[in-house]
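Letter by letter, the chains look like this.
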Amino acid sequence: MKLTYILLLLVAAVCGGAKEVSPSVAIVQPEDKSRYVGEGSTFVIDATFKEADTIVIKQDNNITTTLKVKPEKNTYCKTIKLKAGVNMVSVSLYKDAKLVNKSDRELYFLSELFEGVNEEDAENYKLRFFHKDEKEKKCTSCHNMKSNIPTNNEALEDVTKTTCYACHGGMINTKNTHAPAANWLCTDCHNGNFGEYNMQDKGASKYLVADPVAKTCGSCHDTVDGWQNSKFGHGPVNDGRCERCHDPHQSNVKMLLKTDSINELCMKCHDRKSTFGSKAKKLFVDMSLEVKHKAIVEKSCLECHEAHTANHKSLLKLDAKMDLCLNCHDDEKEKITHSKFKHGGVNTSQKRCLECHDPHATKNKKLLKKEPVATCLNCHDKEVRSDEDGGMLMNMKKHFDENPNWHKPIKDPKKGCSACHDPHGSDNFSILRKSFTKNFYANLENKDFFCFECHSEKKITKQFIKSNEHNITSFRDGEVNLHHLHVNDRKGRSCRACHDEHASKYSHLIRDYTDFNGVKFPLRFVETPEGGSCAPACHKEFAYDRVNPKGIGK
Amino acid sequence: MKSCMYIKIALFSVLFSIALFAQERAAFMVVNPPLAQIGQESIASFVVEADSASVDSVVILSDANETFTIEVNPKRSHYCKSINLHFGQNSIKVVGYKKGAVVKEEMRDIFLVSKVDKEHRYPPQKYAKNYFHDEKNEKICSKCHDMSVNEVKGVAFVDIKKSNCYECHKNINNEKHSHAPSINWLCTSCHNGKVGIYNQADENRTKYSVPDPIGDVCFSCHKKNQEQWSAKRFHHEPAESGRCNKCHNSHSSQSEFYLRKAAWELCTTCHKDKIEGAHVVKTFGRAAHPTHNVKDPSRHGKDLSCISCHNPHVSNAPSLLQSETVMGLCSRCHKK
């Protein structure tokens, strides 16, 4: 009979293997499929020295914690640090290096601070609370489970004496701490109250914190009440969930932020890839683009935005359309507000600065939403009324589409239209960066025209072009500089009489029509290998030839 | 019997003359111009209706011995030809030939008026203005020509030959210097069908009349002139009265500024007293200051003329001088 019993025991031992052989060897806490809002998970394991001498807690990130089982103690506890998302933790018990029991726990740490964490996935795991009388019984053999936290808001002289400290002491170990936490006035917040978002947890724990927590915070922080009067509030602020951004215990950074920088914190939700805050995600900002707003990179999102509440849309400190931008951009402010000629795109448009610029990050220089020319053509793809004189500005998109030869600076991806025009305003008409003329005739004597910033003045000043100076101009009849002939005269013609400063079907940006007192006259320009001819309004067809001069100007 | 003979002869001669008359009548007809017309431009358009059965060719012969031959063919009834005119009376003969023999002759007199030469300014009484572009004539032309205006207001033709005016009026721009609206065939910018105080008689006579005075039409492009001139004290009469086309040919000219003659010749057409004698200054024993036939030092590459010293339009100085002071005037050329 005794032999049979021993045999049975042996068979059971062999077949059972790593199964829990005795109810006295078990993981009391946590339950499988538990959800955590903090990174610490406390394992409570029952083990008797008779059955096991070592407990090994192994996490799926290869962190292993080993506990020695002692004869005088039957319950062991250990807090491990969870990683975000799913954690597979196994607890193995060994006796004489032989596995006697193994049990697994699948836990979920839900935090918006980490990528790959998902509110939907977290739904499969249950939030559980430790501090219930029946569970606390387990602890009482070692711990005093009756809170000694002062309720009069006078912290203990030696905070290590608080009953909470023994288990939760590891929580406060950074330089920035929240006063009630550092002073172990835990029950100031962990008051067992519930809020509208955690009604279901009512009575689940003596130390429950109300969700939303704002009222609790507001009991010390008066500012919370003040926010009620603001026009716009940040989502978490509106929800009263201060803890979404702030860690109520401690932090590596000021303001007890949950991440190491403001920007990082904001991007936790306001990223296209964010799995948190579906509303915040819609207001995403792509900060991965190469050109970033300096204010954000060198300072933070809070240069422009308020974190809590604001009287301007998008939680901005000032009106987004202009005031905010011009608060820093002094040079542009001067131009935008005081220029003689203003750009409707910035001064009278709907979005003002944001018509062209993205305030966060873009692929394009100067934080332009699109490439330089495309930015301008966003509006100038139709005739638009000029703020300057009320006249209609041409459809530039159509003009560029129809005329394949563009003025070189426009083709330059770094410059575009802004090579000649100052989009913020100018004292020169057509918001040109330097003077020019609208007229057919112009006195070119002072040669102060914008064109000569790039094009040599010699083009118009030299009457004759010698053989070693051919690079000055190709508009020659033999040695006679035909630019000089057209321009240096009592009735000097301006550049735009013959050239289209934007784009043309012809080479050398020769216009198809020249406007003379409201009448469009075709130039009838024909190019030949060594010259060409032209029959504009001004004269009959004249031909020129660089090699075999036709005798123009003689 | 004898009376019968007389009757026969009479009948024959009547029939013969009718036949002859009929043949002559059917040979050709000069539709345009009328017998005696006032010409205003240096060309006249002849429109001849010819019957190939009775005439092989029609020759138009100007009194400058220019001939134009029209070969008559059965497929066409009307033929047109532009004839060059000289100032004053032009007697143009139109002759129809059949197998080398003259079948009919007609004469047309055109008096080309000059806006400057006194002797050609006023045509004799028999001449009358003729307006070609009426419904009847245009109907004839429209067999071959598109008689509509195909000009786009404010945009010149890239290919001027596409202008419907070009085909018949192309010779008008033949001279060296051409006025932009003219050479670009923007005809209706001036030929706007309106009349002025000096040509009220033209009202409703033609679609293409030009107002006289023309000044306001000119100033619609030459805006600056209007602004600047109105501020001056003295004005040359034609400029003052807006009759720019008195001196300028609005189409084309051999002379600079589209002048009807070279500047000196043009001015002295009216100011004849300045041709002879010492107009400017004459010092003892030396030749008078020239007024032409030398280079003008003040205008590079140009010849000296009246306009070297006088402004032909306006001035603040008496005698429309180019400068308000004597020194200022002389130093235009005499620099040191």
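On a predicted model such as this, the values are computed, not experimentally measured, just so you know.

1. Comments concerning the overall build of chain A
Part 1 of the reasoning: When its secondary structure is counted, chain A shows 19 helices and 26 strands.
Part 2 of the reasoning: In terms of overall dimensions, chain A is more spread out than a globule: its C-alpha atoms have a radius of gyration of 39 Å, far above the 24 Å expected for 554 residues.
Part 3 of the reasoning: For chain A, buried positions account for 39% of its 554 residues.
Part 4 of the reasoning: Of the roughly 32,900 Å² of accessible surface on chain A, 53% is carried by carbon and sulfur atoms.
Part 5 of the reasoning: If you average the places of the 85 positive and of the 76 negative side-chain charges in chain A, the two averages end up 3 Å apart.

2. Re the overall build of chain B
Part 1 of the reasoning: Tallying secondary structure elements over chain B gives ten helices and twelve strands in all.
Part 2 of the reasoning: The C-alpha radius of gyration of chain B comes to 26 Å, more than 25% above the 20 Å expected for a compact globule of 336 residues.
Part 3 of the reasoning: Within chain B, counting contacts between residues at least 6 apart in sequence, those at least 24 apart form 52% of the total.

3. A few points about the sheet that holds strand β9 (residues 126–127) of chain A
Residues and elements named next belong to chain A.
Part 1 of the reasoning: Strand order across the open sheet formed by six strands is β5-β4-β7-β8-β2-β9, with mixed pairing between neighbours. At either end of the open sheet lies a strand with only one pairing partner, and these are β5 (64–68) and β9.
Part 2 of the reasoning: In this structure, strand β2 (residues 34–36) lies alongside β9, joined through two bridges in parallel fashion. Bridging from a neighbouring strand, R35 pairs with L127 of β9.

4. Quick look at the nonpolar core
Part 1 of the reasoning: F28, F46, A50, V58, I60, I92 and V94 of chain B are the most contacted members of the largest nonpolar core, which has 20 residues in total.
Part 2 of the reasoning: The contact partners of I60 of chain B, leaving out residues within four places of it in the chain, are F46, E66, T67, F68, I70, K81, I83, I92, K93 and V94 of chain B.
Part 3 of the reasoning: Counting 18 residues, the second largest nonpolar core, distinct from the first, contains A52, I57, L82 and V91 of chain A.

5. What about the sheet that holds strand β6 (residues 75–81) of chain A?
Residue and element names in this part refer to chain A.
Part 1 of the reasoning: The antiparallel open sheet is built from three strands, whose spatial order is β1-β3-β6. At either end of the open sheet lies a strand with only one pairing partner, and these are β1 (26–29) and β6. Averaged over all pairs of adjacent strands, the angle between strand axes in this sheet comes to 30°, irrespective of strand direction.

6. Concerning the pattern of salt bridges
Part 1 of the reasoning: Counted by the stated rule, this structure contains 41 salt bridges over all chains.
Part 2 of the reasoning: The shortest N-O distance in the salt bridge between R128 of chain A and E31 of chain A comes to 3.3 Å. Taken together, the residues R128 of chain A in the loop between β9 and α3 (133–139) and E31 of chain A in the loop between β1 and β2 connect sequence positions 97 residues apart.
Part 3 of the reasoning: For R128 of chain A, a relative accessible area of 28% gives the class partly exposed.
Part 4 of the reasoning: Two residues, D117 of chain B and K261 of chain B, come together in a salt bridge whose shortest N-O distance is 2.8 Å. Of this pair, D117 of chain B sits in the loop between β8 (101–112) and α2 (135–141) while K261 of chain B sits in the loop between β11 (252–253) and α8 (263–270), and the two are 144 residues apart along the sequence.
Part 5 of the reasoning: Overall, the relative accessible area of 24% leaves K261 of chain B in the partly exposed class.

7. A word on the domain arrangement of chain A
All names here are of chain A.
Part 1 of the reasoning: Domain boundaries in chain A define domain 1 (26–128), domain 2 (159–270), domain 3 (318–431) and domain 4 (450–545).
Part 2 of the reasoning: Taking only C-alpha atoms, the centre of domain 1 and the centre of domain 2 are 26 Å apart.
Part 3 of the reasoning: Taken together, the contact between domain 1 and domain 2 spans five residues of the former and six residues of the latter.
Part 4 of the reasoning: Counting the contacts that link domain 1 with domain 2 gives one salt bridge.
Part 5 of the reasoning: R244 is the salt-bridge partner of E119, the closest N and O atoms lying 3.4 Å from each other.
Part 6 of the reasoning: Viewed at the interface, domain 2 and domain 1 are joined by one residue pair in polar contact (both at pLDDT 80 or more).
Part 7 of the reasoning: Looking at side-chain class alone, the side of domain 1 that touches domain 2 contains three nonpolar, no polar and two charged residues.

8. Structural notes on the packing of aromatic side chains
Part 1 of the reasoning: Summed over the entire model, instances satisfying the criterion amount to eleven aromatic pairs over all chains.
Part 2 of the reasoning: Ring geometry for F400 of chain A against W406 of chain A: centres 4.5 Å apart, planes inclined by 40°, an arrangement best described as tilted.
Part 3 of the reasoning: The structure contains a cluster of three or more aromatic residues connected by ring pairs, namely F440, Y441 and F516 of chain A.
Part 4 of the reasoning: Residue placement shows K520 of chain A over the ring face of Y513 of chain A; its charged tip is 5.1 Å from the ring centre.
Part 5 of the reasoning: Sitting above the plane of the Y198 of chain B ring, R243 of chain B keeps its charged end 3.8 Å from the centroid.

9. Quick word on the interface of chain B and chain A
Part 1 of the reasoning: With 19 residues of chain B at the interface, the matching set in chain A holds eleven residues.
Part 2 of the reasoning: In total, chain B and chain A occlude about 1,200 Å² of area from one another, counting both sides; carbon and sulfur atoms represent 54% of this.
Part 3 of the reasoning: Applying the counting rule to chain B against chain A returns zero salt bridges.
Part 4 of the reasoning: For the pair chain B and chain A, the interface holds eight residue pairs in polar contact (both at pLDDT 80 or more).
Part 5 of the reasoning: Grouping the amino acids of the side of chain B that touches chain A by side-chain chemistry returns ten nonpolar, six polar and three charged.

10. Section: unusual backbone geometry
Part 1 of the reasoning: Residue D211 of chain A is joined to P212 of chain A through a cis peptide bond whose omega torsion reads 5°.
Part 2 of the reasoning: Checked against the element boundaries, P212 of chain A lands in the loop between α5 (179–182) and α6 (214–218).
Part 3 of the reasoning: Following D212 of chain B, the chain continues into P213 of chain B via a peptide bond in cis, with omega recorded as 10°.
Part 4 of the reasoning: Considering the arrangement of structural elements, one finds P213 of chain B in the loop between α4 (180–183) and α5 (215–219).
Part 5 of the reasoning: Unusually for a residue other than glycine, S314 of chain A sits at a positive phi of about 60°.
Part 6 of the reasoning: Relative to the elements of secondary structure, S314 of chain A occurs in the loop between β14 (309–310) and α12 (323–328).

Conventions used here
Residues numbered from 1 in each chain as written. Chains lettered and ligands numbered in written order. Predicted model: local features only at pLDDT ≥ 70, side-chain atom pairs only at ≥ 80, totals over all residues. Heavy atoms only, no water. Helix = DSSP H or I, 4+ residues; strand = E, 2+ residues; numbered from the N terminus. Rg over C-alpha atoms; globule rule 2.2 N^0.38 Å. Buried < 20%, exposed > 50% of the residue type's maximum accessible area, 1.4 Å probe, protein only. Areas by Shrake-Rupley, 256 points an atom, 1.4 Å probe, with all protein chains shown as cover. Lys, Arg positive; Asp, Glu negative; His and termini not counted. Charge placed at Lys NZ, Arg CZ, Asp CG, Glu CD. Contact = heavy atoms within 4.5 Å. Pairing = 2+ DSSP bridges. Core = buried A, V, L, I, M, F, W, Y, C linked by side-chain atoms within 4.5 Å. Axes fitted to C-alpha atoms, helices over the stretch in contact; angles between N-to-C directions. Salt bridge = Lys/Arg side-chain N within 4 Å of Asp/Glu carboxyl O. Domains from an automatic or database assignment. Polar contact = N/O pair within 3.5 Å; in protein donor to acceptor, adjacent residues only side chain to side chain. Nonpolar A, V, L, I, M, F, W, Y, C, P; charged D, E, K, R; others polar. Phe/Tyr/Trp six-rings, centres within 6.5 Å; stacked < 30°, edge-to-face > 60°. Lys NZ or Arg CZ within 6 Å of the ring centre and 35° of its normal. Buried area = accessible area lost by both parts, 1.4 Å probe.

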